[in-house]
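Below, each chain spelled out in residue letters.
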Amino acid sequence: MICRVWRGWTRREDAAAYQALLKNEIMPGIHARDIPGLVAHQALRREITNNDGLAETEHMTLMWFETLAAVEGFVGPDYGVANMPAKAAAILSRWDARVAHYDVFDAVGQPTR
């Protein structure tokens, strides 16, 4: 199992708009593609104060894939590049340009189909 982890940040006043976009458009659109090997996704957020003292909301997505080949099937051979929809880029103040991928070697209650 592979966990694909990505983070983006909004101003606090934009957090609800980004969350709605992710929940109502972006993730349903991804799942509608019926990508082989995509098991599940999770979206998390937290309120932070960044290093410049600005109040932000950090958003994290976790996408669970059966194999690294399934991740490549989702985004292509350069699977480490973040796929940034224009609507999301308009709301986010910054984001990780690269995505981290983790081998899941142990889990209790891990996402399943």
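Here, the structure is the one placed above.
Everything quoted here is computed from the prediction, not taken from an experiment.

**Q** How should the pattern of salt bridges be read in this particular structure?
**A** Two side chains that carry opposite charge are able to pair once their charged atoms sit near each other. The final tally for this structure, using the stated rule, is 10 salt bridges. For the salt bridge of R7 with D96, the shortest nitrogen-to-oxygen distance reads 3.2 Å. Highlighted residues: R7 in strand β1 (residues 2-11) and D96 in the loop between β4 (94-95) and β5 (100-103), separated in sequence by 89 residues. On the basis of relative accessibility, which here comes to 30%, the residue R7 falls in the partly exposed class. Note that E56 and R94 form a salt bridge whose closest N and O atoms lie 2.8 Å from each other. Taken together, the residues E56 in strand β3 (residues 55-65) and R94 in strand β4 connect sequence positions 38 residues apart. With relative accessibility at 6%, the residue E56 sits in the buried group.

**Q** Looking at this structure, how should I read the layout of surface pockets?
**A** Summary: where empty space remains is shown by rolling a probe the size of a single water molecule over the atoms. Considered as a void within the structure, the largest pocket measures approximately 280 Å³ in volume. In terms of lining, the largest pocket is formed by 17 residues, of which the most central are I26, I30, M63, N83 and P85. Top element by residues in the lining of the largest pocket is helix α1 (residues 15-32). It accounts for five residues. Here the residues of the lining of the largest pocket sort into 13 nonpolar, two polar and two charged.

**Q** When you look at α1 in this model, what are you seeing that I'm missing?
**A** In an α-helix there are 3.6 residues to a turn, and that puts residues three or four apart on one side. An ideal rise of 1.5 Å per residue puts 26 Å on 18 residues; α1 measures up with 24 Å between its terminal C-alpha atoms. Residue L22 marks the point of greatest curvature in α1, where the axis turns by about 40°. Of the residues making up α1, those classed as buried are A15, Y18, L21, L22, I26, M27 and I30. Buried residues in α1 make contact with β1, β2 (38-49), β3, α2 (68-75) and α3 (86-91). Positive backbone phi, at 50°, marks D34, one or two positions downstream of α1.

**Q** Help me out: how do you make sense of the nonpolar core in this one?
**A** Within soluble globular proteins, side chains that are nonpolar tend to cluster in buried spots. Counting 19 residues, the largest nonpolar core has I26, I30, M63 and F65 as its most contacted members. Mapped by element, the contributors of at least two residues to this core are β1, α1, β3 and α2. Broken down by element, the residue count for this core peaks at six residues, all from α1. Once you skip the residues sitting within four places of it in the chain, I26 turns out to touch L21, P85 and A88. The next biggest cluster of nonpolar side chains, apart from the first, holds six residues, and it includes C3, V39, L62 and W64.

The rules behind the values
- Residues numbered from 1 in each chain as written.
- Predicted model: local features only at pLDDT ≥ 70, side-chain atom pairs only at ≥ 80, totals over all residues.
- Heavy atoms only, no water.
- Salt bridge = Lys/Arg side-chain N within 4 Å of Asp/Glu carboxyl O.
- Helix = DSSP H or I, 4+ residues; strand = E, 2+ residues; numbered from the N terminus.
- Buried < 20%, exposed > 50% of the residue type's maximum accessible area, 1.4 Å probe, protein only.
- 1 Å grid on protein atoms, 1.4 Å probe; cavity = no way out; pocket = protein on both sides within 12 Å on 5 of 7 lines; lining within 4 Å.
- Points joined across faces, edges and corners; volume = space filled by probe spheres on them.
- Nonpolar A, V, L, I, M, F, W, Y, C, P; charged D, E, K, R; others polar.
- Expected span 1.5 Å × (residues − 1).
- Bend = angle between axes of the 7 residues up to and from the residue.
- Contact = heavy atoms within 4.5 Å.
- Core = buried A, V, L, I, M, F, W, Y, C linked by side-chain atoms within 4.5 Å.

Just distances and angles here, no functional claims.
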